[in-house]
Amino acid sequence: MRTPQWIAAGVTLLLIAITYWGCPVRPPELDEDFNRGPSAATGIQSLIRQAHTKLTPAQQATLATLEDRLASQEEDSARVDLLQQLAGEWYKAGQPAISGAYAAQIAEIENTESAWGITGTTFSLCLREEGIDDKTRQFCADQAEQAYQAAISLNPSEPEYRINLAVTYTDNPPPDNPMKGILMLRELEQDYPDEPQVYVTLAQLAIKTNQLDRAAERLLQADALQPGNPDVVCPLAKVYENLGRAGEADIYARKCSELLQ
């Protein structure tokens, strides 16, 4: 091979190497999701792109304006205000997963148990949406778990975040430990025997599995600890009705009506 041919071959190999190792192999939109790590089963930008097709022109214009203002704002307090508006607009648009992502940005700035608790609750609402796809469900479950864990780390003695984390596991059971949520709630019952919300949550799970006698027992425990709570009294009336215990159902139905007036 003559010298010019060797030079040409060398240049070709060099160009191939630069193309292969110097240029991204995945398209940018895949990198965007890939770099988020295992906790994000689907990237938030992918959710936003999908959701935009369901927005009205007015909603699109409002969100675009808020995003433009956010991009040019460096002051934390002003960014929090804009992020709250974006979270609210996405929630009103029926997109709790995206709303939760903006709530998480607020929590990262404020780093308070309240902010992380709100973030977790928003993602929990996503888990209860009907018809969401598996990737979105996993995204919301992962983000809810992280948010509640952050709230727990800031206030380990508050049972609310632990209860909500357990419910997250019951709403989306981990494949390797499907009883994790139930076991957590049973531990919470031992750790917080005077916390009515533990019994309310256990009653809700019992109702889901049609264990109505067990649900009534749990609700009565909650009622003894916190009398006059409509979240206890009203479900108890319905449980007794479904059990065919008309007298007790009538008593709690009247109490429910009085509390809701």
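Everything in this summary refers to the structure shown in the same document. Here the structure is a predicted model, which is why all the values come from computation and not from measurement.

Definitions and limits used
Residues numbered from 1 in each chain as written. Predicted model: local features only at pLDDT ≥ 70, side-chain atom pairs only at ≥ 80, totals over all residues. Heavy atoms only, no water. Salt bridge = Lys/Arg side-chain N within 4 Å of Asp/Glu carboxyl O. Helix = DSSP H or I, 4+ residues; strand = E, 2+ residues; numbered from the N terminus. Buried < 20%, exposed > 50% of the residue type's maximum accessible area, 1.4 Å probe, protein only. Disulfide = S-S within 2.5 Å. Expected span 1.5 Å × (residues − 1). Arc of directions from axis to C-beta. Contact = heavy atoms within 4.5 Å. Core = buried A, V, L, I, M, F, W, Y, C linked by side-chain atoms within 4.5 Å. Phe/Tyr/Trp six-rings, centres within 6.5 Å; stacked < 30°, edge-to-face > 60°. Lys NZ or Arg CZ within 6 Å of the ring centre and 35° of its normal.

On to the pattern of salt bridges, then. Counted under the stated rule, the structure contains seven salt bridges. Across the pair K208 and D171 runs a salt bridge whose closest N-O atoms are separated by 3.6 Å. Of this pair, K208 sits in helix α11 (residues 196-208) while D171 is found in helix α9 (residues 159-171), placing the two residues 37 residues apart along the sequence. With relative accessibility at 16%, the residue D171 sits in the buried group.

In the structure shown here, the tally under the stated rule is two disulfides. Between the sulfur atoms of C126 and its disulfide partner C140 the distance amounts to 2.0 Å. Taking the sign of the S-S torsion, 80° for the link of C126 and C140, the bridge is right-handed. One end of the pair, C126, is in helix α7 (residues 113-127); the other, C140, is in helix α8 (residues 134-154), with 14 residues separating them in the sequence. Sulfur-sulfur distance for the disulfide between C234 and C256 comes to 2.0 Å. Because the sign of the S-S torsion sets the handedness, a value of about 95° for the bond joining C234 and C256 places this disulfide among the right-handed ones. With C234 in helix α13 (residues 230-242) and C256 in helix α14 (residues 246-260), this pair connects stretches of sequence that are 22 residues apart. With a relative accessible area of 12%, C256 lands in the buried category. Assigning the bonded cysteines of the protein chain consecutive numbers by sequence position, one obtains the connectivity 1-2, 3-4.

Moving on, we come to α14. Given a rise of 1.5 Å per residue, 15 residues ought to cover 21 Å, and the 21 Å separating the end C-alpha atoms of α14 matches this to within 8%. All of the buried residues along α14 are A249, Y252 and C256. One side of α14 holds all its buried residues, which, seen down the axis, span an arc of 75°. Structurally, α14 contributes buried residues whose contacts are with α12 (212-225) and α13.

This paragraph deals with the nonpolar core. Counting residues in hydrophobic clusters, the biggest one holds 46 residues, and the most contacted among them are I44, W90, I98, Y102, C140 and L185. Looking at which element gives the most residues to this core, the answer is α8, with nine residues. What L185 contacts, discounting residues up to four positions off in sequence, is I163, A166, V198, T201, L202 and L205.

With the rule as written, the count across this model stands at two aromatic pairs. Where Y240 meets Y252, the ring centres are 5.8 Å apart and the plane angle is 35°; that geometry is what we call tilted. With a gap of twelve residues between them, Y240 in helix α13 and Y252 in helix α14 connect regions that are remote in the sequence. One residue, K255, lies across the ring of Y252, its end atom 4.7 Å from the ring centre.

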